[in-house]
Amino acid sequence: MQENMQECAGAPTAHATGGSEPVVDAVACAAADSVVPVSEKSAPAPVPISAPAPVPTSAPGPAPVPAPTSAPFSAIAVAGLGLIGASFAAAIKLAMPHVRIVGVDTDAATRIAAIDKRWADAAYAPDDDALREFVCSDCELMVVATPVAAVDDYFSRLGEWGYGGVVTDVVSTKAHILDAAARLLPEPNNYIPGHPMAGSEKCGIDAARADLFEGMNWILCPDANTVPEHFQAMHELITGIGARVISLPREDHDRAVAIVSHVPHMVASALMRLACRHADDSQALMRLAAGGFKDSTRIAAGSPKLWCGIALDNAGALTAGLREMQDIIGSFADAIDAGDKAALTGLLTDSADARRALPAAWVPSTEKLLEVRIPMTDRTGVVAEVTTIASSVGCNIQSIEIDHVTEDSAVLSLVLTDEGDMGQLMGQLIMAGFAASFSPLSPKEHVHVD
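Residues numbered from 1 in each chain as written. Predicted model: local features only at pLDDT ≥ 70, side-chain atom pairs only at ≥ 80, totals over all residues. Heavy atoms only, no water.

1. Remarks on the overall build of the protein chain
Put simply, the test is: Strands are runs of DSSP state E lasting at least two residues, helices are runs of H or I lasting at least four, and both sets are numbered from the N terminus onward. We call a residue buried when its accessible area falls under 20% of the maximum for its residue type, exposed when it is over 50%, and partly exposed in between, using a 1.4 Å probe and counting protein chains only. We call two residues in contact whenever any of their non-hydrogen atoms come within 4.5 Å of each other. Here the open area of atoms and residues is found with the Shrake-Rupley method and a 1.4 Å probe, where only the protein chains shown may cover a residue.
Per the secondary structure count, the protein chain includes 15 helices and 14 strands. Classification of the 450 residues of the protein chain by burial places 45% in the buried group. Pairs at least 24 apart in sequence give 78% of the contacts found in the protein chain among residues at least 6 apart. Accessible area of the protein chain: about 21100 Å², with a carbon and sulfur share of 57%.

2. Observations regarding the confidence of the model for the protein chain
Here is the rule we go by: Scored from 0 to 100, pLDDT records how confident the predictor is in each individual residue.
Across the protein chain, the average pLDDT comes to 82, with 80% of residues at 70 or higher. Low pLDDT (under 50) marks residues 2-7, which in the prediction has 19 contacts with non-local residues, meaning those over four places away or in another chain. Contacts for the low-pLDDT stretch residues 10-66, under 50 throughout, to residues beyond four places or in other chains number 144 contacts.

3. Quick word on helix H5 (residues 175-184)
We apply this condition: Taken from the helix axis, the directions to the C-beta atoms give the arc we talk about.
Of all the residues in H5, the buried ones are Ile177, Ala180 and Ala181. Summarising the axial view, the buried residues of H5 lie within an arc of 100 degrees, below the 170-degree limit, and thus occupy one face. The exposed residues of H5 that point more than 90 degrees off its buried face are Ala175 and Ala182. Those residues of H5 that are buried lie in contact with helix H4 (151-161), strand E6 (166-169) and strand E7 (191-192).

4. Quick word on the pairing of strand E10 (residues 244-247)
Inclusion rule: Paired strands, as defined in this entry, are two strands with at least two bridges between them according to DSSP. Note on handedness: a crossover is taken as right-handed if, strands pointing away from the viewer, the path from the first strand over the helix to the second is clockwise.
Across four bridges, strand E9 (residues 217-220) lies against E10 in parallel orientation. Paired with isoleucine 219 across the bridge in E10 is isoleucine 246. Between E9 and its parallel partner E10, the chain crosses via helix H6 (residues 228-240), and the hand of that crossover is right-handed.

5. So, the sheet that holds strand E13 (residues 410-416)
Put simply, the rule reads: To obtain an axis, a line is fitted to C-alpha atoms, over the contacting stretch when the element is a helix, and the angle between two such axes runs from 0 to 180 degrees between their N-to-C directions.
Spatially, four strands are ordered E12-E13-E11-E14 in an open sheet, and the strand pairing comes out antiparallel. With one partner strand each, in any of the chains shown, strand E12 (397-404) and strand E14 (437-441) form the two edges of the open sheet. Neighbouring strand axes in the sheet, compared pairwise and without regard to direction, differ in orientation by 20 degrees on average. Sheet analysis places E12 next to E13, joined by seven bridges and oriented antiparallel. Residue pairing for E13: aspartate 403 is matched across the bridge by valine 411. Against the sheet, H6 contacts strand E11 (369-376) and E12, and its axis sits at roughly 150 degrees relative to E12.

6. Overview of the environment of glutamate 160
Counting through the fold element by element, glutamate 160 comes out in helix H4. The spatial distance from the C-alpha of glutamate 160 to the C-alpha of leucine 184 is 8.7 Å, given a sequence separation of 24 residues.

7. Notes on the packing of aromatic side chains
Formally: Side-chain rings of Phe, Tyr and Trp, where Trp is taken by its six-membered ring, are said to pair if the distance between their centres is within 6.5 Å; with planes under 30 degrees apart they count as stacked, over 60 as edge-to-face, and otherwise as tilted.
Within the structure shown, the criterion is met by three aromatic pairs. Ring geometry for phenylalanine 88 against tryptophan 218: centres 5.9 Å apart, planes inclined by 55 degrees, an arrangement best described as tilted. With phenylalanine 88 in helix H1 (residues 83-95) and tryptophan 218 in strand E9, the pair connects residues that are 130 residues apart, well separated along the chain. Each member of the pair, phenylalanine 88 as well as tryptophan 218, is classed as buried.

8. Notes on the environment of glutamine 398
Inspection of the secondary structure puts glutamine 398 in strand E12. Given the relative accessible area of 27%, glutamine 398 is considered partly exposed. Taking the C-alpha atoms as reference points, glutamine 398 and valine 245, separated by 153 residues in sequence, lie 8.6 Å from one another.

9. Focus on the sheet that holds E10
Read from one edge of the open sheet, three strands run E8-E9-E10, paired in mixed fashion. Edge positions in the open sheet fall to strand E8 (194-196) and E10, since each of these has one partner strand only. On average, adjacent strands in this sheet sit at an angle of 25 degrees to one another, irrespective of strand direction. Inspection of the sheet shows E8 paired to E9 by three bridges, in the antiparallel sense. Residue pairing for E9: glycine 194 is matched across the bridge by leucine 220.

10. Observations concerning helix H11 (residues 315-337)
Rules: How far a helix is expected to stretch is found by multiplying one less than its residue total by 1.5 Å.
Helix length check: H11 (23 residues) gives 32 Å between terminal C-alpha atoms against 33 Å at 1.5 Å per residue, within 8%. All of the buried residues in H11 are Ala317, Leu318, Gly321 and Ala335. Buried residues in H11 make contact with helix H7 (250-278), helix H10 (304-313) and helix H12 (341-356).

11. Structural notes on the packing of H7 against H11
The condition is simple: Roughly parallel refers to an angle under 35 degrees, roughly antiparallel to one over 145, roughly perpendicular to one between 65 and 115, and oblique to any angle outside these ranges. Handedness of a crossing is defined here by the sense of rotation of the near helix relative to the far one, left-handed for an anticlockwise turn of less than a right angle and right-handed for a clockwise turn. Here the term charged refers only to Asp, Glu, Lys and Arg, the term nonpolar to Ala, Val, Leu, Ile, Met, Phe, Trp, Tyr, Cys and Pro, and the term polar to all other amino acids, Gly among them.
It is at 9 Å that the axes of H7 and H11 come closest, and there the two elements cross at 60 degrees. The angle between H7 and H11 falls in the class oblique. Between H7 and H11 lies a crossing whose hand is right-handed. Of H11, the residues touching H7 (which contributes Asp254, Arg255, Ala258, Ile259, His262, Val263, Met266 and Val267) are Ala317, Leu318, Gly321, Leu322 and Met325. Per-class residue counts for the contact of H7 with H11 are nine nonpolar, two polar and two charged.

12. Digging into unusual backbone geometry
One non-glycine residue with positive phi stands out, namely arginine 118, at about 60 degrees. Topologically, arginine 118 is positioned in the loop between helix H2 (108-116) and strand E4 (122-124).

13. Here's the deal with the nonpolar core
Worth spelling out the cut-off: Here, nonpolar core refers to any group of buried Ala, Val, Leu, Ile, Met, Phe, Trp, Tyr and Cys residues whose side-chain atoms link them within 4.5 Å.
Grouped together as the largest cluster of nonpolar side chains are 63 residues, with contacts concentrated most on Ile76, Phe88, Phe213, Trp218, Ile241 and Leu412. If you tally residues by element for this core, the top one is H1, at nine residues. Here isoleucine 76 is in contact with Phe88, Val99, Arg100, Ile101, Val102, Phe134, Cys139, Leu141, Val143 and Leu237, once residues within four sequence places are set aside.

14. Some points on the pairing of strand E2 (residues 75-79)
Summarising burial for E2: five of the five residues are buried, a large majority. Burial along E2 is two-sided: the residues Ala75, Ala77 and Ala79 and Ile76 and Val78 are all buried. Strand direction decides the pairing type here: E2 and strand E3 (residues 100-104), joined by five bridges, are parallel. Bridged to valine 78 within E3 is glycine 103. In this sheet, strand E5 (residues 141-144) lies alongside E2 in parallel orientation, the contact comprising four bridges.

Written as structure tokens, this is what we have:
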């Protein structure tokens, strides 16, 4: 990926992001201190921290090291070392220990922790000259894992420095960050929006762990202007830490996550408020709460400040989902008030059937791989369109290759695992005008493809 770099220019300058409320990044949370852009901090930046030679102080001895995975990027900067950012750095170091990771955070204690845990080779404050030097000389991927309120500050720095590498993020809403990328990044087409559908009710680097993303879905939002090789590299990186890539159109992202993530959090919080209203001083009602109630309300324990930010940043889609939720709850109340057993049974049956149909944790069979080869013509956005179609029919792309046949022609090769509707995939690709070929692939052949 080094060929994507450009010479950086300009001096680092702090930028205020504006706005009165901090808005957060991922399904759970990022570093709380990162909510305030560095330009609003009054204290001077601490001295840069470099990784020490001794073993981490948090472990009594060296942990078992898995076989290293090949890495599409050799040097990565992670801005924001909260739950998501620190977990990402930890996952990369576990799966690809040779990759150089530089952490960025406004909080000195967080930077020290990242070094002590050996999740970062170095850690800097956002306005440290050493960060600019790393970004300009070595960094191939910048991962923005801060609250939305700090995004403009980092994007402005990348713009001033003329950064030409790949940029991604883990922000849970995309409306603002897409606009910021178009306005501030020197190479907007190098930006690939991302969103890991993973998190915790706990926050900060102390809650981070290397296995947070294993088996989890990680949304990527390519578009017609996305550089195919950049998407390929991002796909390889994310699957390399055990996550599953789901391609989603950018315009659909905020509505989708409102339904499956943001509305559920508000409903869980509302359920806790209902219980609190009816609990007396002795909290006897709360002692009656069994597993179902605790499971349904676990996410309500998340940071109120951070979730307030998520809600306000995705206000349109979230309020629409909550209004629809009100109507659904109203239909249950109406059926009960009317004593309509058939209507109530129907509502409960539909919900039960839909819940049972949710996919369980899937362990794809490595004996049943399928290769799909699609000629890449002059048509723009082939990778974005094809991967989005594959995700929409439930197919899991294990790897992506772009075979350049000549200077003017290439073939997109996808290796799929044994899930999803292959018939629908074939039909939708044909309807979209793609000449795709499908062929079984043995694990040995797949090793060659990689």
